[in-house]
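# Reading the structure
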Amino acid sequence: MGLTGSRAVVTGASSGIGAATARALAGAGCELVLLGRDEQRLAEVAAATGGRAEPADLTAPDGLAAAVEHARGADLLVHSAGVGWAGPVTAMPPGTAEAMIALNLTAPVLLSTAALDGMRRRGGGHLVFVASIAAVGVRDEEVYAGTKAGVRAFAASLRCAAGPVRVSTVLPGAVRTPFFDTRGRYERGFPRLVEPEAVARAVLRAVRRGRREVFVPGWLGAAARVGGALPGTFERLSQRFG
Ligand SMILES: NC(=O)c1ccc[n+]([C@@H]2O[C@H](COP(=O)([O-])OP(=O)(O)OC[C@H]3O[C@@H](n4cnc5c(N)ncnc54)[C@H](OP(=O)(O)O)[C@@H]3O)[C@@H](O)[C@H]2O)c1
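Source: prediction; values computed, not measured.

### Some thoughts on the overall build of the protein
Scanning the protein from terminus to terminus reveals nine helices and seven strands. Against the globule reference of 18 Å for 242 residues, the protein gives a C-alpha radius of gyration of 17 Å, in line with a compact fold. In terms of overall dimensions, the protein has a C-alpha envelope of 50 × 35 × 30 Å along the principal axes. Evaluated residue by residue, the protein yields a buried proportion of 49% over its 242 residues.

Quick look at the structure:
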C-alpha cells in the first residue's frame, strides 16, 4: 500500500511503539489521527508528526465510540494500545482481566470492523495489529497472552476473506517502553529488549510489502514455529527457561 497522503489512525500513539510508529508514518507522508489517553503526551506526538490528537479511553463506552468513528475513515489502522499484567493468574486483582481484554482484544475487533466497511467501499486499506510473541503462550502472563493470541487469530481470520484489505500482525518480543511500568519489570535475559523504533520499522515493512506476520526480532518466528509444531517441547522449554 502506498503511504503518502493516506489517512492513518494509530491507537496507543501517546507512548512507546505507537508513538514511534506515528513518527515513522509521518516520515512516510501519512496524515495521522492519534489516539491515546494522556493528552499532554499525545499533543507532543501530534506536534512532532503534524497529526491530530484525539484523546480517547478505549475501555470507556464514549471513548470507544469516538475511536470507532475515527477508524471508519482510516486507510491504515494500526492497533498499538495495550496493557499487560504479569504474575500468578490466581493473584490477579479484580477487574484486571476484564480491562485487559477490553483494551487488547475488544477494542481492536470493534475498530477493525468499522474500518473494514470504509476500506472495502474505498477499494483498499490495511489493518496492522501489534500483538506479541506472548501469543504463543507465556507462563505467568496467561490473560495477556490470551488477548494477543485472540488478536492474532482474529487477524488471520480476516485474511481468509478475499478482498482489497490487507491485514498484518506484528509480534514483538520485549521492547524498551513504559509498558513495563504497569506490567512489572522485565527480568528475563532473553529475548533482549529492542527499541520501539525497530517495531515501527516492522510495521512500515509489513504495510509496504503486504506481510502477514512480522516477528521482532525475526528469530522469534522460529520460537513460534516450535510452539506450533512441537507443543510438548515448547512447554518443557518454557518451564525450564520461562
Ligand atoms: N513493550 C513490550 O515489550 C511489548 C512487547 C510485545 C508487544 N507489546 C505490545 O505493544 C503495544 C504497545 O505497547 P508499548 O510497549 O508501546 O507500551 P506503552 O508505551 O505503555 O504504550 C501503551 C499505549 O496504550 C495506550 N493505552 C493504555 N490504556 C489505554 C486505554 N484504556 N485507552 C486507550 N489507550 C490506552 C497508552 O495510552 P496512554 O499512555 O495515553 O494512557 C499508550 O499509548 C501493546 O499492545 C503491547 O501489548 C509490547
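Still more to cover.
### Brief notes about the packing of helix H4 (residues 96-122) against helix H5 (residues 142-160)
One can describe the packing of H4 onto H5 by two numbers: an axis separation of 8 Å at closest approach and a directional angle of 15 degrees. One way to sum up the angle between H4 and H5 is to call them roughly parallel. The two elements H4 and H5 cross, and the hand of that crossing is right-handed. Contact residues: H4 offers Ala97, Met100, Ile101, Asn104, Leu105, Pro108, Val109, Ser112, Thr113 and Leu116, while H5 offers Val143, Tyr144, Thr147, Lys148, Gly150, Val151, Phe154 and Leu158.

### A few points about the packing of aromatic side chains
Here the structure, examined in full by the defined rule, presents three aromatic pairs. Ring centres 5.2 Å apart and planes at 85 degrees place the aromatic pair Phe179 and Phe180 in the edge-to-face group. Overall, Phe179 belongs to the partly exposed group, its relative accessible area being 22%. For Phe180, a relative accessible area of 15% corresponds to the buried category. Of the aromatic side chains, those joined through ring pairs into one cluster are Tyr144, Phe179 and Phe180.

### Some words on unusual backbone geometry
At the junction of Val216 and Pro217, the peptide bond is cis and its omega measures out at -5 degrees in the coordinates. Here Pro217 shows up in the loop between strand S7 (213-216) and helix H8 (220-229). One non-glycine residue with positive phi stands out, namely Asp140, at about 65 degrees. Here Asp140 is to be found in the loop between strand S5 (125-130) and H5. On the basis of relative accessibility, which here comes to 33%, the residue Asp140 falls in the partly exposed class.

### Quick word on the pairing of strand S6 (residues 165-172)
For a regular strand, side-chain orientation follows a simple rule: the groups alternate between the two sheet faces. S6 sits mainly inside the fold: seven of its eight residues count as buried. Alignment of S5 against S6, held across six bridges, turns out to be parallel. Paired with His126 across the two strands is Arg166, which belongs to S6. Where S6 and S7 come together, four bridges link them in parallel fashion. Within S7, the position partnered with Thr169 by the bridge is Glu213.

### Points about the site of the ligand
Ser14, Ser15, Asp38, Tyr144 and Thr177 are the nearest of the 31 residues found near the ligand. Between the ligand and the protein, one listed contact pairs a nitrogen atom with a backbone N or O atom of Leu58 at 2.9 Å.

Cut-offs and rules
- Residues numbered from 1 in each chain as written.
- Predicted model: local features only at pLDDT ≥ 70, side-chain atom pairs only at ≥ 80, totals over all residues.
- Heavy atoms only, no water.
- Helix = DSSP H or I, 4+ residues; strand = E, 2+ residues; numbered from the N terminus.
- Rg over C-alpha atoms; globule rule 2.2 N^0.38 Å.
- Buried < 20%, exposed > 50% of the residue type's maximum accessible area, 1.4 Å probe, protein only.
- Axes fitted to C-alpha atoms, helices over the stretch in contact; angles between N-to-C directions.
- Parallel < 35°, antiparallel > 145°, perpendicular 65-115°, else oblique.
- Left-handed = near helix turned anticlockwise from the far one by under 90°.
- Contact = heavy atoms within 4.5 Å.
- Phe/Tyr/Trp six-rings, centres within 6.5 Å; stacked < 30°, edge-to-face > 60°.
- Pairing = 2+ DSSP bridges.
- Near = heavy atom within 4 Å.
- Polar contact = N/O pair within 3.5 Å; in protein donor to acceptor, adjacent residues only side chain to side chain.

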